[in-house]
There are 2 protein chains.
Amino acid sequence: MRDIADKLGVSSVTVSKALNDKDGVSGELKEKIKVLAVQMGYRYNAAARSMKEGLTHNIGVIIPERFTGPTQSFYVRVFQRITKHLEDQGYYGILHILNVEDEEELILPKLYSDNKVDGFIVLGQVSKEYIELVQSMDVPKMFLDFYDEHSDIDSVVTDNFYAAYELTNVLVQQGHRRIAYVGNLYSTSSIQDRFLGYYKSLLEHRLPMDQNLVLNDRDERGTFIEIDLPEQLPTAFVCNCDQVAHLLVQKLTSLGIQVPAQCSVVGFDNDIYATLSEPKLTTVEVDVEQMARTAVHSMLKKIDNPSRSFGRVHVKGNIIYRDSVSAAPALSDDASN
Amino acid sequence: MRDIADKLGVSSVTVSKALNDKDGVSGELKEKIKVLAVQMGYRYNAAARSMKEGLTHNIGVIIPERFTGPTQSFYVRVFQRITKHLEDQGYYGILHILNVEDEEELILPKLYSDNKVDGFIVLGQVSKEYIELVQSMDVPKMFLDFYDEHSDIDSVVTDNFYAAYELTNVLVQQGHRRIAYVGNLYSTSSIQDRFLGYYKSLLEHRLPMDQNLVLNDRDERGTFIEIDLPEQLPTAFVCNCDQVAHLLVQKLTSLGIQVPAQCSVVGFDNDIYATLSEPKLTTVEVDVEQMARTAVHSMLKKIDNPSRSFGRVHVKGNIIYRDSVSAAPALSDDASN
DNA sequence: CTGAAAGCGCTTACAG
DNA sequence: CTGAAAGCGCTTACAG
C-alpha cells in the first residue's frame with residue numbers, strides 16, 4: 001500500500017479507502033489506484049487487518065474422522081495426512097476444492113490474492129494451463145500425485161512406472177501371456193506411466209504388445225465410458241485404477257466370465273473399490289504417509305528458501321495381494337496372435 | 001500478553017520470551033508466566049505474529065473437485081458447500097478432521113489455542129463430553145447435522161423425524177403392514193429421530209409396534225454389526241442410512257429374497273450407497289445447500305453479536321424415489337402378530 | 001536476566 | 001476529497 005501511495009503521491013489512507021471501495025476518494029483516483037495495484041501485483045495483507053480488527057476471517061470446521069469413513073476419497077485421506085504433518089510444524093492446511101469452472105476459467109483461489117497462505121500444494125492433476133497459472137503465483141508450490149513433462153515443477157509422485165511393472169510381472173509369473181491394459185493414455189500422467197510400466201514388463205518378457213489390448217476407459221476429461229472388450233479376450237487385465245477394475249469385474253461377471261478363474265484383474269490405488277469388488281482386488285497401495293510427509297517438508301524448506309527446488313520425487317508403492325489373480329487358464333496358443 | 005506482564009510486574013517482552021521458551025528469562029519466572037497464562041485463558045494472537053514475520057503459517061491445499069468425486073463422503077460435500085458460502089462472505093473454512101484419540105482425550109484443535117479462527121462449525125455428532133468441551137471455547141460455534149438434548153447448543157439439522165415419517169407413510173400406502181426399522185437407537189440423535197418418525201407413522205396408521213422389528217445395525221461406537229433378521233420376515237425395512245440399507249439388500253439377496261418384489265427397503269441420506277445398491281434405493285436426500293447456508297449465516301451473525309442464539313434449526317429433506325420399494329406382497333394375515 | 005523502542009501493514013476516527 | 005496520527009499484539013535487535 002505504501003508503495004502504491006508513494007508512486008501516486010497520495011497517502012496510504014487514500015489507497016486503503018480506494019481498495020476497499022470506501023467513501024472519501026474521488027472515483028477517478030480510485031480507478032487509478034486499483035489499476036496500479038493490479039499492475040504492481042499488490043496482494044492484501046490479511047494478517048494486518050486481522051490484527052487490527054481482532055478477527056481472523058477463518059472458521060474452523062470440525063469433522064470427526066469416523067464420518068469421513070472408508071468411503072472417503074483418496075485425496076481427502078492424503079489431505080488428512082498433510083495437515084497432520086503441517087500441524088507438527090506449526091502450520092495449518094486450508095483446503096480449497098477447485099471446481100471445474102474455476103479450473104477452466106483459470107481462476108486462482110481467493111486464498112492467494114488475500115494472502116492467506118505461505119504456499120500451495122496441488123493435489124491431483126490439473127490442466128496444463130492451470131499448472132502454468134499456479135506456477136505464476138509468487139509463493140512456493142508443490143504438486144502432489146502428478147507431474148507435467150513440460151513444466152519444471154516440484155512434484156511428489158508414486159512411482160507408478162515401477163509399481164505397474166511389478167504388478168504386470170506378477171501376472172506374467174502366473175503364466176499370463178495375453179494381458180490387456182485399461183486406461184486412457186492421454187488422460188493423466190499416472191495412467192501413462194502405469195501403462196509404460198506394463199509395457200516394460202511385456203518387453204522384458206518378450207511378449208508382443210497388441211494395440212487392441214489397450215482399452216479406453218474414459219474420455220479426456222476423465223468421465224468414464226463403457227469399456228470395449230476385444231473379440232478375443234485376454235487372460236488378464238491391468239487396470240489403471242481400482243474403480244475401473246471394479247467396473248470391469250462387474251462387466252466380466254455379467255457376461256458370465258469368472259474372475260479370477262477365467263480372467264485375472266488387477267487394479268491400482270487400493271481404494272474403497274478394491275475391497276468392494278467381488279472378488280477383492282489385487283492392487284497397488286500408494287504410500288500416502290510418505291507422500292504427505294515429503295510434500296510438507298519440501299514445502300517448508302521452500303518457504304525458508306524460495307530458491308530451493310526438488311524436481312520430481314518418487315515414492316514407492318506396495319503391491320497388495322488379494323483374490324482377483326490366479327494362474328492363467330491352460331494355454332490354447334492364443335498368444336501367437 | 002500485556003495483561004500478564006502487568007499482573008506480574010514484568011514487561012511484555014519477558015512474557016513473549018517465556019511463552020516462546022526463548023533464552024533470557026529465568027526458569028522460575030518462565031514457569032510463573034506460563035501458569036498465569038493458562039489461568040487467564042490467554043490465547044496467542046497468530047495474526048500479530050503473522051504480520052510481524054510476514055508469514056501466515058497456512059498452506060493452501062488445492063484438490064480438484066472431480067477427484068473428490070462421487071465417492072466423497074457426505075460431510076466432505078457439506079464442507080464444500082460451507083466453504084462456498086463462507087467465501088461469499090469474505091471468510092475461509094479451515095478443515096480439522098478430528099481423530100478418534102483427540103475426541104476421547106478431549107483435545108481441542110490447535111486452531112483454537114492458536115487463535116486461528118473466529119468460530120467453529122462441528123459437522124457430525126461428537127461425544128457428549130466433546131460437545132461440552134467445544135461449548136467451553138470462547139468463540140461462537142454451530143453444530144451441524146446433530147443436536148444434543150441436554151446441552152443448549154445452536155444446531156442445524158435435517159428434519160429427520162418428519163422425513164422418516166413421510167418415508168414410512170410411503171411404505172404404508174403401498175400396503176405394507178409389517179415394517180421393520182434398522183438402526184441402533186442409542187447411537188446418534190439422527191437415528192433416534194428417524195426411528196420416532198417411523199413410529200409416528202405406525203401410530204397414525206394404527207399399526208402395532210413390534211420390538212422384534214427394531215433391528216440393531218451397529219454398536220454404540222458406530223461400528224457396524226451383522227443384522228439379525230427376525231424369524232418372520234417383515235415386508236418392508238426402514239433403514240437409518242443408505243449404507244445399512246445397502247448391506248441389508250445384499251444380505252436379503254444372498255438369502256434368495258428379492259428386493260423389492262418380496263421385500264421393500266428404504267434408506268436415508270441419498271449417498272453413494274443409494275445408487276450403488278441393486279436395486280437402487282428409495283431414500284431421503286438431505287438439503288445440503290440449505291444446511292450449509294443456514295449454518296454459515298448463523299455463524300456470521302454470532303460473530304457479529306456473540307449473544308445471539310438460534311437453538312435447533314430444522315431443514316427439510318426430500319424423498320428420492322427409486323426402485324427399492326414396491327407394493328406389499330399379497331397379505332397372508334401376518335400383521336395380526 | 002530484563003526491558004524500552006521500533007516496526008510489521010492495515011484501518012479508524014478525526015482534522016483540515 | 002485527502003491525510004496525519006494512533007493503535008491492533010507481537011517479536012527482534014539492542015541497551016543495560
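Predicted model, so just to flag it, every value in this text is computed and none were measured.

**Some thoughts on unusual backbone geometry**
In this structure, A:Pro279 follows A:Glu278 across a cis peptide bond, with omega equal to 5 degrees. Relative to the helices and strands, A:Pro279 resides in the loop between helix H13 (272-276) and strand E10 (283-285). Not every positive phi belongs to a glycine, and B:Arg206 is a case in point at roughly 55 degrees. Unusually for a residue other than glycine, B:Asn270 sits at a positive phi of about 50 degrees.

**Details of the confidence of the model for chain A**
Looking at chain A, pLDDT values average 90 and 97% of them are 70 or higher. Contacts of residues 332-337 of chain A to residues separated by more than four positions or lying in other chains number five contacts, the stretch itself having pLDDT below 50.

**Some points on the protein's contact with DNA strand D**
Around DNA strand D, the surrounding shell holds 23 residues, and the nearest of these are A:Thr14, A:Lys17, A:Gly24, B:Ser16 and B:Tyr42. Among all atoms of DNA strand D positioned within 4 Å of the protein, those belonging to sugar or phosphate total 57%. In this structure, A:Lys17 approaches DNA strand D through a side-chain N or O atom, which is 2.6 Å from a base oxygen. Contact distances for DNA strand D include 3.2 Å between a base nitrogen and a side-chain N or O atom of A:Lys52. When contributions to the surface near DNA strand D are tallied by element, the ones reaching two or more residues are helix H2 (12-19) and helix H4 (46-53) of chain A together with helix H2 (12-19) and helix H4 (46-53) of chain B. The residue makeup of the surface near DNA strand D, split by class, is ten nonpolar, eight polar and five charged.

**Concerning the protein's contact with DNA strand C**
Near DNA strand C, the surroundings consist of 22 residues, among which A:Ser16, A:Tyr42, B:Thr14, B:Lys17 and B:Gly24 are the closest. For DNA strand C, the fraction of protein-proximal atoms (within 4 Å) that sit in sugar or phosphate groups is 56%. Contact distances for DNA strand C include 3.4 Å between a base nitrogen and a backbone N or O atom of A:Ala48. In this structure, B:Ser11 approaches DNA strand C through a main-chain N or O atom, which is 3.1 Å from a phosphate oxygen.

**Topic: the side chain of B:His57**
Looking at where B:His57 falls in the secondary structure, it is placed in the loop between H4 and strand E1 (58-64). Within polar-contact distance, the side chain of B:His57 engages the side chain of B:Glu53 at 3.0 Å. Other than its neighbours up to four places away in sequence, B:His57 contacts A:Gly90, A:Tyr91, A:Tyr92, A:Asp118, B:Arg49 and B:Lys116.

**Description of the UniProt feature "domain: HTH lacI-type" (unreviewed entry) in chain A**
Look at the UniProt record and you will see "domain: HTH lacI-type" (unreviewed entry) annotated at residues 1-53 of chain A. For residues 1-53 of chain A, helix accounts for 68% and strand for 0%, while the C-alpha atoms at its two ends are 18 Å apart.

Conventions adopted
Residues numbered from 1 in each chain as written. Chains lettered and ligands numbered in written order. Predicted model: local features only at pLDDT ≥ 70, side-chain atom pairs only at ≥ 80, totals over all residues. Heavy atoms only, no water. Helix = DSSP H or I, 4+ residues; strand = E, 2+ residues; numbered from the N terminus. pLDDT = per-residue confidence, 0-100. Contact = heavy atoms within 4.5 Å. Near = heavy atom within 4 Å. Polar contact = N/O pair within 3.5 Å; in protein donor to acceptor, adjacent residues only side chain to side chain. Nonpolar A, V, L, I, M, F, W, Y, C, P; charged D, E, K, R; others polar. UniProt positions renumbered as here; feature names shortened; annotations may be inferred.

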